[in-house]
Amino acid sequence: MAGVANTWGYGAMTNHFGDVTANSKAILLIGANSAVANPIGFKHMLQAKDRNNCKLIVVDPVYTKSAAKADYYVRLRPGTDIAFAYGMLHLIFKNGWEDKEFIKNRSYAIDQIRKEAEHWTPEETENVTGIPAEQLKEITRVFATTKPATLAWALGVTQHSVGSSNTRIYSILQLVLGNVGQNGGGCNIIRGHDNVQGATDMNNLADSLPGYYGLSDAAWKHFCKGWGQDYDKFIKRFATSVKEPRQKLGEDVENTKFKEYFYHDPKNPEDRNWRNEKGYSLSKWWQGVLKEENTFSSGNLRVLWVQGTGITSMAHLTKIQEAIDKLDMLVVVEPFVNEVAVLSDRKDGIYILPASTQFESSGYVSATNRSAQWRSQVIPPIYEAKQDQEIMMEFAKKFGFYDEYVKGMMLDVVDGEIKKVKDSFVWPDDATNEIARTTQSIGNNGRTADRLKKHQENWENFDPDTLMGKPGSPVAGEYYGLPWPCWNKNHPGSPVLYDVTKPVWKGGMGFRNRFGLEHNGVSQLAEDAVTLPGSKVKGGYPQITKENIERVLGITLSEEEKAKMGSSWSMDYSGIIAKKCEEAGVSPCGNAKARAIVWEFADQYPKHREPLHSPRQDLVEKYPTFDDQARNFRVSTKFISEQKAQDWSKDFPTIMSSMRLVNLSGAGMLERTSKYLAHITPEMFAHVNPELALKYGIQDGEMMWIHSPQGTKIKVKCIHSHSVTPDRICLPYNFAGVMQGVDISKNYPEGTKPYTIGESSNTVTNYGFDINTQISEFNAGLCRLERAEDQSMFKTSFFDEK
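Computed from a prediction, not measured in an experiment: that's the story for all the values here.

### A look at the overall build of the chain
In step 1: Within the chain, the secondary structure is distributed over 28 helices and 29 strands.
In step 2: Computed over C-alpha atoms, the radius of gyration of the chain comes to 26 Å, within 12% of the 28 Å expected from 2.2 N^0.38 for 802 residues, which places it in the range of a compact globule.
In step 3: Long-range pairs, those at least 24 residues apart, make up 69% of the contacts in the chain between residues at least 6 apart in sequence.
In step 4: Within the structure as shown, the chain displays about 31,900 Å² of accessible surface, and the carbon and sulfur contribution to it stands at 50%.
In step 5: Computed over 94 positive and 98 negative side-chain charges, the separation of the two mean positions in the chain equals 2 Å.

Right, dumping it as structure tokens:
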């Protein structure tokens, strides 16, 4: 059994929607159809237009419902975000619109961005992106000269083979304009689902631990201490580079048939310390089963446990189907039947455990702006459903590690040391406090259950524009939901990240010092001009550690304090570092410069690289993708070899992008069980420009095949639409139950079939993965259209049968 984790992390919102409503004068919304994906958030943008005469610029390959409300709609070719951003930067530098003081005092290596931007003239930007040069000049002028201006994006920016570079270039754009750390400014990444930010903070990922800790031994030691575990015993559960058995609790390793997966030969170069290695990503977990590409693991992936994720909303559904057929066992834990459970025709080895909904449980979620929201249970779980934690605890009991699993909830900090304080726990309060105590890395320490409950009970006492608790109320002086970082129980939360106009203990902070004190002889700390109000330290300073705290803060620690203190602010359970920083008015994570180059990445600064399957072969030669990746997330990944395997545009001339539907989320497994929501979109479809559709003889409303370079196909209804140009189509990813023209809905357990089924767009998603996060390239693939000879449709919905 292997852990498979989500790699959909794509940043945190620096500001909040109330701030946008109250202060933003310009909004650049790119790769996000918020009117559909986050209508509550889009309401705030419309209010900003009404209240502030805010100019809304929507950049999207498709004319969306958000675009319909825009002052400026900009249509770009999918996969060209970086070229577009550099086109703006070219004009910004040319016209002197950059914030020179911000660049000087709070950023590093913008000169390299300036040099790259010289290449991206309006003409070259138009050639690559398709955006008319005159329109580029107009929207750049509006966005660059209007203050404050915010930039917002979502999955349309991240779901590319250069997705991580996309997010970097837009952050750099805001740095250049000095819009970071400003009310009404910032980079506001809009989540499309409830508690995505919370799941990201808990790092349901294959490459890190909760709170964005890495996989180093220092991080494991930190959590072992917080969980009350012996580190030396704990790590024996992982494969190691010495010949010794990895413990399997509850079984005698010598007598198990899985013995070969627990002993490791030190002469084997692939025998590694797996606790320090990335796992399989959600995007390519199936390679751990199929082994079609080079994989690096201590054994084949044999069991898949799916809980709380729409795994069929991931790419390459046929590969997922193949992998499920070969697994020893699949376990699905959901309130509704997750479509991964019906992909296979196998008659055994699939277990569906009914989990309760959020209304049948309590605890907190984190909103898109980093605010925590406590929710109270409405009703107890109905029928045989169990709450998520009950299921996991039963699992822990079965496999013999329940006591270790829950021990952290019975610990607390007493006199600066972790100690056991009780023999039982209260769920979810003690789990919330354990999370607060262990995830210092995001300043989560002050977000305790009692404080969050108090905010829930006093929600009417918060100003929606500022998030500040009203004077005289029980929450006066605190920001709603204690948006992290919330350094300790005295801290009010941080509504706007990197705001240097406020004292640290009033919600302000500089940029985090993460990458050393200097690079190429240049200081990475903020200049003296960046001194936060109330700080006893002038200008920039490093992150606070046990080694430097006395020197940086100008204090002397007692021997007792030194003995209790952790190695750094993110490893300090004693709370002493946070307390000393509070007294000095400084941020535990430092006050540094934001770097525009990442010297650990393949591209130190963002570069435009054509999608792996590009419609412009001429640009593939000019802007090729990365070299193939030998190893990442335990599997090799193709880049240049796939891109240059052939001229993909000859056989697959049409660009294919995904879209959301306002009535469905993820794979639609929840909403399609509602006949009312299903009735809004009762069948799977694709938007096709009439000119393109008629080229293939496909009339409006007729069935068609969409073929992909991977040799897969789906049969969907063609909807003539001018929302897309003749070179592209757009289709939702919210359906399942039909695979390449074959109805598989018979696999639903009796009484669980949704009211509507349909082909999944992810059956034809092209090969392609981000080089850093391994997120799939959902939004820049190619396809070929064909009119279906058989125009009959499956009875894909309850409504057809009626």
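Having seen the structure, we can now continue with the description.
### Some points on a nonpolar patch on the surface
In step 1: A cluster of nonpolar side chains, Phe359, Val378, Ile379, Ile382 and Tyr383, forms an exposed patch at the surface whose accessible area comes to about 580 Å².
In step 2: By the secondary structure assignment, Tyr383 is in the loop between strand E13 (372-375) and helix H16 (388-398).

### Focus: the environment of Gly751
In step 1: Relative to the helices and strands, Gly751 is located in the loop between strand E27 (742-743) and strand E28 (758-759).
In step 2: Separated by 133 residues in sequence, Gly751 and Asp618 place their C-alpha atoms 53 Å apart.

### Some words on the pattern of salt bridges
In step 1: Applying the stated criterion across every chain yields a total of 36 salt bridges.
In step 2: Among the salt bridges present, the one from Lys100 reaches Glu98, with a minimum N-O distance of 3.8 Å.
In step 3: The class for Lys100 is partly exposed, based on a relative accessible area of 49%.
In step 4: Its salt-bridge partner being Glu98, residue Arg114 comes within 3.5 Å of it at the nearest N-O pair. You can see Arg114 sitting in helix H6 (residues 110-117) and its partner Glu98 sitting in the loop between helix H4 (81-95) and helix H5 (100-106), a full 16 residues away along the chain.
In step 5: Taking relative accessible area as the criterion, Arg114 reaches 33% and is therefore assigned partly exposed.
In step 6: The structure contains a network of salt bridges with shared partners spanning Glu98, Lys100 and Arg114.

### Focus: the domain arrangement of the chain
In step 1: Domains assigned within the chain are domain 1 (1-192), domain 2 (197-367 + 372-439), domain 3 (512-592) and domain 4 (617-787).
In step 2: Across the boundary between the two partners, domain 2 contributes 14 residues, which contact five residues of domain 3.
In step 3: Taking both sides of the interface into account, the surface hidden between domain 2 and domain 3 amounts to around 780 Å²; carbon and sulfur atoms contribute 61%.
In step 4: Taken together, domain 2 and domain 3 are joined by zero salt bridges.
In step 5: The interface formed by domain 2 and domain 3 includes four residue pairs in polar contact (both at pLDDT 80 or more).
In step 6: At the level of secondary structure, the elements contributing two or more residues to the side of domain 2 that touches domain 3 comprise helix H12 (217-227), strand E15 (417-420) and helix H18 (429-438).
In step 7: Ranked by residues supplied to the side of domain 2 that touches domain 3, first place goes to H12 with six residues.
In step 8: Tallied by class, residues from the side of domain 2 that touches domain 3 come to six nonpolar, four polar and four charged.

### Focus: helix H19 (residues 449-457)
In step 1: Residues Ala449, Arg451, Leu452 and His455 constitute the buried set of H19. All buried residues of H19 fall inside an arc of 165° around its axis, so they share one side. Opposite the packed face of H19, turned more than 90 degrees from it, sit the exposed residues Asp450 and Glu457.
In step 2: Looking at the packing, one finds that the buried side of H19 touches strand E12 (363-366), E13 and H18.

### Quick notes on the pairing of strand E6 (residues 149-153)
In step 1: Among the five residues that make up E6, five are buried, leaving the element largely enclosed by the rest of the structure.
In step 2: Side chains of E6 alternate between two faces, with Ala149, Leu151 and Trp153 and Thr150 and Ala152 buried alike.

### A word on the packing of aromatic side chains
In step 1: Per the counting criterion, the structure on display carries 20 aromatic pairs.
In step 2: With 6.4 Å between their ring centres and 80° between their planes, Phe102 and Phe511 make a pair best called edge-to-face. Highlighted residues: Phe102 in helix H5 and Phe511 in the loop between H19 and strand E16 (518-519), separated in sequence by 409 residues.
In step 3: A ring pair is formed by Phe401 and Tyr405, whose centres lie 6.1 Å apart and whose planes are at 90°; its orientation type is edge-to-face.
In step 4: By relative accessible area, Phe401 is classed as partly exposed at 22%.

### Describing the environment of Ala154
In step 1: Looking at where Ala154 falls in the secondary structure, it is placed in the loop between E6 and helix H9 (155-158).
In step 2: Each C-alpha atom, one on Ala154 and one on Asn33, is 8.2 Å from the other, the two residues being 121 residues apart in sequence.

### Quick word on the confidence of the model for the chain
In step 1: Looking at the chain, the pLDDT average stands at 91 and 93% of residues meet or exceed 70.
In step 2: When the criterion is pLDDT under 50, residues 241-271 qualifies, and its contacts beyond four places in sequence or with other chains add up to 53 contacts.

### Some details on the sheet that holds E6
In step 1: Taken together, five strands build an open sheet; the order of strands is E4-E3-E2-E6-E7 and the sheet is parallel. Strands with a single pairing partner mark the edges of an open sheet, and in this sheet they are strand E4 (72-74) and strand E7 (187-189). Mean inter-strand twist for the sheet, computed between neighbouring axes without regard to direction, equals 20°.
In step 2: The strands that helix H10 (residues 163-177) touches are strand E2 (26-30), E6 and E7; relative to E6, the one it contacts most, it runs at about 175°.

### Quick look at the packing of H4 against H10
Packed helices, taken two at a time, are described by the angle between their axes plus the distance between the axes.
In step 1: Between H4 and H10, the shortest axis-to-axis distance is 9 Å and the interhelical angle comes to 15°. In terms of axis orientation, H4 runs roughly parallel to H10. Crossing angle aside, the handedness with which H4 passes H10 is left-handed. Residues Asp81, Ile82, Phe84, Ala85, Tyr86, Met88, Leu89, Ile92 and Phe93 of H4 touch H10, and the partners they reach there are Ser165, Asn166, Ile169, Tyr170, Leu173, Val176 and Leu177.

### Points about the state of the cysteines
In step 1: Inspection of every chain in the model, using the stated rule, returns zero disulfides.
In step 2: Free of any disulfide, Cys54 has its nearest neighbouring cysteine sulfur in Cys187, separated by 15 Å.
In step 3: With relative accessibility at 2%, the residue Cys54 sits in the buried group.

### A look at the side chain of Asn734
In step 1: For Asn734, the position within the fold is in the loop between strand E25 (728-732) and strand E26 (737-739).
In step 2: Assessed through its relative accessible area of 0%, Asn734 is described here as buried.
In step 3: There is a polar contact of 2.8 Å between the side chain of Asn734 and the backbone oxygen of Gly666.
In step 4: Dropping the residues within four chain positions of it, Asn734 is found in contact with Met659, Arg660, Leu661, Leu664, Ser665, Gly666, Ala667, Gly668 and Arg672.

Conventions used here
- Residues numbered from 1 in each chain as written.
- Predicted model: local features only at pLDDT ≥ 70, side-chain atom pairs only at ≥ 80, totals over all residues.
- Heavy atoms only, no water.
- Helix = DSSP H or I, 4+ residues; strand = E, 2+ residues; numbered from the N terminus.
- Rg over C-alpha atoms; globule rule 2.2 N^0.38 Å.
- Contact = heavy atoms within 4.5 Å.
- Areas by Shrake-Rupley, 256 points an atom, 1.4 Å probe, with all protein chains shown as cover.
- Lys, Arg positive; Asp, Glu negative; His and termini not counted.
- Charge placed at Lys NZ, Arg CZ, Asp CG, Glu CD.
- Patch = residues over 30% accessible without salt bridge, like charges linked within 9 Å, V, L, I, M, F, W, Y side chains within 5 Å.
- Salt bridge = Lys/Arg side-chain N within 4 Å of Asp/Glu carboxyl O.
- Buried < 20%, exposed > 50% of the residue type's maximum accessible area, 1.4 Å probe, protein only.
- Domains from an automatic or database assignment.
- Buried area = accessible area lost by both parts, 1.4 Å probe.
- Polar contact = N/O pair within 3.5 Å; in protein donor to acceptor, adjacent residues only side chain to side chain.
- Nonpolar A, V, L, I, M, F, W, Y, C, P; charged D, E, K, R; others polar.
- Arc of directions from axis to C-beta.
- Phe/Tyr/Trp six-rings, centres within 6.5 Å; stacked < 30°, edge-to-face > 60°.
- pLDDT = per-residue confidence, 0-100.
- Pairing = 2+ DSSP bridges.
- Axes fitted to C-alpha atoms, helices over the stretch in contact; angles between N-to-C directions.
- Parallel < 35°, antiparallel > 145°, perpendicular 65-115°, else oblique.
- Left-handed = near helix turned anticlockwise from the far one by under 90°.
- Disulfide = S-S within 2.5 Å.

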